[in-house]
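Descriptive structure summary
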Amino acid sequence: MNKWIAYGSIVLGATFWGLIAFFVKGLTKYGFNSMEITAIRALSALIFLIILVLVKYRNEVNVQVKHLPLFIGTGIFSITFFNWCYFTAIEEMSISIAVILLYTAPMFVAVLSYFFLHESMNRKKILAIIGTIIGCAFVSGITDISNSQITIFGLIVGLGSGLGYALYTIFSKIALKHYSPFSITLYTFIMASAFLIPFTQLWEKIDSFFHTEVFLYSLGLGLFPTVGAYMLYTTGLKYVEGSTASMLATVEPIAAFLLGVFVYSEVLSSFQIIGALLIIISVLFVNYERKMDKKNDISLS
């Protein structure tokens, strides 16, 4: 695949992710809670994926039992946990703030990689992490607690979404050594659906899906910010370094911010805008540092 096509694939996928709140808010309006919306996302995505299997990807459905923990990681520990946290954050706060907290994910990757993958932790990464923490403080309203509309619970689930988001990159990068992007996406949502459908007992609200808007929101949620986004991102990730992919994916908060401002008339305070910029700059900084480290390692070898 051409490098620029891979870049464009990641950017388009991240843009679709940034529009997810449109579908979430639509389903929330009809009485669905965060876990139910997560189940709707997983199930509707799985339906599209099964159709694709029948049409094109029949040879990519085999998986080795020893690799199932990878898909439990992407499907339950990442997709399910991340979605529940993110959708709850959208309900608790504005779209803009929820997606800003989601973008603490690269900092979680840096910290987890240090402890579990034995990657280096230099001064620049530490500065980026500090910048993220300060940015979160500004975004959360700690600087003006009397006017803050962000709850402690909202802040916790917002940061939880960042942790879950980080886990997808880690698990999927390992899985790409053995499986195609489509296979990873397919088994991710098989695992997520198998866990969520019995847990949420979604069948009890089956009548709601006969409402045209609920049906369209559900289909849109499964198609655009789910199957489309994950396949585009994972395909690009196969040809692009993880650090570069993370930098390109920062288009997601921009798309979410524009959605919040122009569709839902959201307004951020000056402190929150400063905090958002600090987080995005820190994300770009830490990922640029990783890229430079890899180039230096190559030049020394």
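Residues numbered from 1 in each chain as written. Predicted model: local features only at pLDDT ≥ 70, side-chain atom pairs only at ≥ 80, totals over all residues. Heavy atoms only, no water.

1. Some words on the packing of aromatic side chains
Per the stated rule, a full pass over the model turns up 15 aromatic pairs. Note on Trp17 and Tyr233: the rings are 5.0 Å apart at their centroids and 55 degrees apart in plane angle, and the pair reads as tilted. With Trp17 in helix 1 (residues 3–18) and Tyr233 in helix 10 (residues 212–239), this pair connects stretches of sequence that are 216 residues apart. Comparing Trp17 with Tyr233 shows no difference in burial state: the two are buried. With centroids separated by 5.8 Å and ring planes inclined at 10 degrees, the aromatic side chains of Phe195 and Phe199 adopt a geometry described as stacked. Separated by four residues within a single helix, Phe195 and Phe199 lie in helix 9 (residues 181–200), roughly one turn from each other. (Phe/Tyr/Trp six-rings, centres within 6.5 Å; stacked < 30°, edge-to-face > 60°. Helix = DSSP H or I, 4+ residues; strand = E, 2+ residues; numbered from the N terminus. Buried < 20%, exposed > 50% of the residue type's maximum accessible area, 1.4 Å probe, protein only.)

2. So, the packing of helix 1 against helix 10
In the contact formed by helix 1 and helix 10, the axes pass within 7 Å of each other and the chain directions differ by 150 degrees. The orientation of helix 1 relative to helix 10 falls into the category roughly antiparallel. Judged by the twist between their axes, the crossing of helix 1 over helix 10 is left-handed. Residue-level contacts link Ala6, Ser9, Ile10, Leu12, Gly13, Phe16 and Trp17 of helix 1 to Phe224, Pro225, Gly228, Ala229, Tyr230, Leu232, Tyr233, Thr235, Gly236, Leu237 and Tyr239 of helix 10. When the residues that make up the contact of helix 1 with helix 10 are grouped by side-chain class, the tally is 13 nonpolar, five polar and no charged. (Axes fitted to C-alpha atoms, helices over the stretch in contact; angles between N-to-C directions. Parallel < 35°, antiparallel > 145°, perpendicular 65-115°, else oblique. Left-handed = near helix turned anticlockwise from the far one by under 90°. Contact = heavy atoms within 4.5 Å. Nonpolar A, V, L, I, M, F, W, Y, C, P; charged D, E, K, R; others polar.)

3. Overview of unusual backbone geometry
Leave glycine aside and you will find that most residues have negative phi; peptide bonds, for their part, are mostly trans. In this model, Gln201 sits at a positive phi of 50 degrees, which is unusual for a non-glycine residue. Its place among the elements puts Gln201 in the loop between helix 9 and helix 10. Phi is positive for Ser265, which is not a glycine, with a value near 55 degrees. Structurally, the position occupied by Ser265 is in the loop between helix 12 (251–262) and helix 13 (270–300).

4. Comments concerning the pattern of salt bridges
Applying the stated rule across the entire model yields two salt bridges. Lys29 is the partner of Glu213 in a salt bridge, and the nearest nitrogen-oxygen pair spans 3.7 Å. Of the two residues, Glu213 is situated in helix 10 and Lys29 in the loop between helix 2 (20–28) and helix 3 (34–55); the sequence distance between them amounts to 184 residues. Taking relative accessible area as the criterion, Glu213 reaches 35% and is therefore assigned partly exposed. Among the salt bridges present, the one from Glu36 reaches Lys205, with a minimum N-O distance of 2.9 Å. With Glu36 in helix 3 and Lys205 in the loop between helix 9 and helix 10, the pair connects residues that are 169 residues apart, well separated along the chain. Judged by relative accessible area, which is 26%, Lys205 ranks as partly exposed. (Salt bridge = Lys/Arg side-chain N within 4 Å of Asp/Glu carboxyl O.)

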